[in-house]
Amino acid sequence: MTVKTATNAVNCNTASGLNFIPAPGAQTAEINTAPSIDVLALAEFALKELQASMKNPSRSAQAVAMRIAKEVERICQKSDRIQVSGEVEAWQITLAEHRLQKTLQFYRLGSKSGRVELHSHLASMIYRHVASFRSNLNFQARYNMIEDFLQGFYIEALRAFRREHQLDLNYTPRTQIELAEYMAFTEHYAKRQIGLPGRNRQRLIVLRAQGFAKGQPPETAIDIEMAVESGKGEDAEMHSRSPALQQVREQMVSETVDPADAVLRDRVVAELIAYLEAQNQPECVNYLMLKLQDLSASEIDRVLGLSSRQRDYLQQRFKYHVEKFARTQNWKLVHEWLGADVDQKLGMTSDKWEAFRAGLSPQMLELLEMKQNQESDKAIATALNCTPKQVQKRWAQLLELASQTRNSNQA
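Looking now at the overall build of the protein chain. Looking only at helices and strands, one finds 20 helices and four strands in the protein chain. Every one of the 411 residues in the protein chain was classed for burial, and the buried ones make up 40%. If you sum the accessible surface of the protein chain, you get close to 23,300 Å²; carbon and sulfur atoms cover 51% of it.

Below, the structure written as structure tokens:
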């Protein structure tokens, strides 16, 4: 498909959890004029992707495609990472495809199986948070609490869906594609990272479940939503000036997480799972999935039926494969997610970066500079008079040295 591009001046001052701020003297003009896809063209692209995968034509597909396009545009304008990259158009396509993939995944499952899939996934995320293990609840009692909590969470997600897409207060998904869109939104909404004091983060659904476990009233969620909305009248204006709401608003704005991070994280997890499966490591895949659910070591042992010795061996094997994954063919994706790509000094401060470069051999320094220039492994191999496989091995060694320098306490 040929898409129409438009040049937009974008405000890049949005707070970002990773603080990707261009260095003094950076080509800000080029960042602000990075080409982007027109919303209508992006909606047309999304509509064609939906129609190609739908069993039966649906009039609501056009509205779904437009909502996806507008959401992608909003994220791209809000994300410092995307604006500074200068590749807004590429990010628009990536984000649109990510949302289309999730929506179509639920669409293919259908209404019943889609609900079961979403319910099971969310339940696994909040299983240990909806009630403390110290409460000694049996499985049935905990299951009932999960059911009660999730029914309320689905209502909250629908309310957030209406608000964020500016829909009528009585909007309800009615067609299969609309229901798939809502379920994909609910899963994404549940995974949103909320900034906490001390630069910690937690998923929104986990925070909601923890509040539910403590007997926190549902109105608290509504109060937080009101805290980040503008006043719509004299009474609302007075309400929004209260010190408590001002404090909540300032906290939520100051701890905003860059929305591009969620997409990168999902890509890293998917690629890591594919890598572990290719390496015939199903135990490591199971371990990863349980770690992603924020289970403790003892809980993982119980689920997988491991002894302490078996758990230690599995952790060592998992660590080995993760490090290999992060320093071989997947290094660029991982380092981009960590904010430590080659154009970001591999995540180092300026002092550490200069010390790191000074300690490299001439051949390693040439390798680093060619990677910064985005040369292919084949071109680098020719310049260094070695094989592409040797280039990958040397690059993995260089990334290991960079990790040691980055994590050292010396300036």
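Another point: helix α18 (residues 362–372). Those residues of α18 lying buried are M364, L367, L368, M370 and K371. Angular distribution of buried residues about the axis of α18 spans 165°; they occupy a single face of the element. Of the residues one or two after α18, Q374 is the one with positive phi, at around 60°.

The terminal C-alpha atoms of helix α5 (residues 88–126), which comprises 39 residues, lie only 35 Å apart, well short of the 57 Å expected from a rise of 1.5 Å per residue. In α5, a bend of some 120° at G110 exceeds every other bend along the element.

Time to look at the nonpolar core. Counting residues in hydrophobic clusters, the biggest one holds 57 residues, and the most contacted among them are L50, L122, F149, L150, F153 and I205. Contributions of two or more residues to this core are made by α2 (39–53), α3 (60–78), α5, α6 (139–164), α7 (176–190) and α8 (204–213). Among the elements that take part in this core, α5 stands out by supplying 13 residues, more than any other.

Glancing now at the confidence of the model for the protein chain. Low-confidence regions, as indicated by low pLDDT, have predicted coordinates that should not be scrutinised in detail. Looking at the protein chain as a whole, the pLDDT averages 74, with 71% of positions reaching at least 70. Within the protein chain, α7 carries the highest mean pLDDT (92), whereas strand β1 (residues 5–7) carries the lowest (34). Across residues 1–33, where pLDDT falls below 50, the model places 57 contacts with residues more than four positions away in sequence or in other chains. When the criterion is pLDDT under 50, residues 244–256 qualifies, and its contacts beyond four places in sequence or with other chains add up to 22 contacts.

It is worth spelling out the environment of E375 at this point. Structurally, E375 is set in the loop between α18 and α19 (377–384). If near-sequence neighbours (up to four positions away) are discounted, E375 is found in contact with M370 and I380.

What follows deals with the environment of E156. For E156, the location among the structural elements is in helix α6. Using a relative accessible area of 5% as the deciding quantity, one classes E156 as buried. Linking E156 and T186, residues 30 residues apart in sequence, is a C-alpha distance of 9.2 Å.

A separate point is the pattern of salt bridges. Inspection of every chain in the model, using the stated rule, returns eleven salt bridges. For D377, the salt bridge goes to K371, with nearest N and O atoms at 3.0 Å. A relative accessible area of 21% means that D377 is categorised as partly exposed. Among the ionic contacts, a cluster of salt bridges with common partners joins D301, R311 and D312.

This part covers the side chain of H129. Inspection of the secondary structure assignment puts H129 in the loop between α5 and α6. Overall, H129 belongs to the buried group, its relative accessible area being 9%. Polar side-chain contacts of H129 include one of 3.4 Å to the side chain of Q210.

Attention now moves to unusual backbone geometry. Even without being glycine, Q166 reaches a positive phi, approximately 55°. With relative accessibility at 73%, the residue Q166 sits in the exposed group. In this model, N385 sits at a positive phi of 60°, which is unusual for a non-glycine residue. In this structure, N385 sits in the loop between α19 and α20 (388–406).

Time to look at the environment of A61. Within the secondary structure, A61 is located in helix α3. Distance from A61 to T175, taken between C-alpha atoms, is 9.2 Å for residues 114 residues apart in sequence.

A word on the packing of α2 against α5. Taken N-terminus to C-terminus, the directions of α2 and α5 make an angle of 30°; their axes are 10 Å apart at the nearest point. When the axes of α2 and α5 are compared, the pair comes out roughly parallel. Relative to α5, α2 is oriented so that their crossing is right-handed. Contacts from L42, F45, A46, E49, L50 and S53 of α2 reach α5 at Q92, I93, A96, E97, L100, L104, Y107 and R108. Class assignment of the residues belonging to the contact of α2 with α5 gives a composition of nine nonpolar, two polar and three charged.

The rules behind these values
Residues numbered from 1 in each chain as written. Predicted model: local features only at pLDDT ≥ 70, side-chain atom pairs only at ≥ 80, totals over all residues. Heavy atoms only, no water. Helix = DSSP H or I, 4+ residues; strand = E, 2+ residues; numbered from the N terminus. Buried < 20%, exposed > 50% of the residue type's maximum accessible area, 1.4 Å probe, protein only. Areas by Shrake-Rupley, 256 points an atom, 1.4 Å probe, with all protein chains shown as cover. Arc of directions from axis to C-beta. Expected span 1.5 Å × (residues − 1). Bend = angle between axes of the 7 residues up to and from the residue. Core = buried A, V, L, I, M, F, W, Y, C linked by side-chain atoms within 4.5 Å. pLDDT = per-residue confidence, 0-100. Contact = heavy atoms within 4.5 Å. Salt bridge = Lys/Arg side-chain N within 4 Å of Asp/Glu carboxyl O. Polar contact = N/O pair within 3.5 Å; in protein donor to acceptor, adjacent residues only side chain to side chain. Axes fitted to C-alpha atoms, helices over the stretch in contact; angles between N-to-C directions. Parallel < 35°, antiparallel > 145°, perpendicular 65-115°, else oblique. Left-handed = near helix turned anticlockwise from the far one by under 90°. Nonpolar A, V, L, I, M, F, W, Y, C, P; charged D, E, K, R; others polar.

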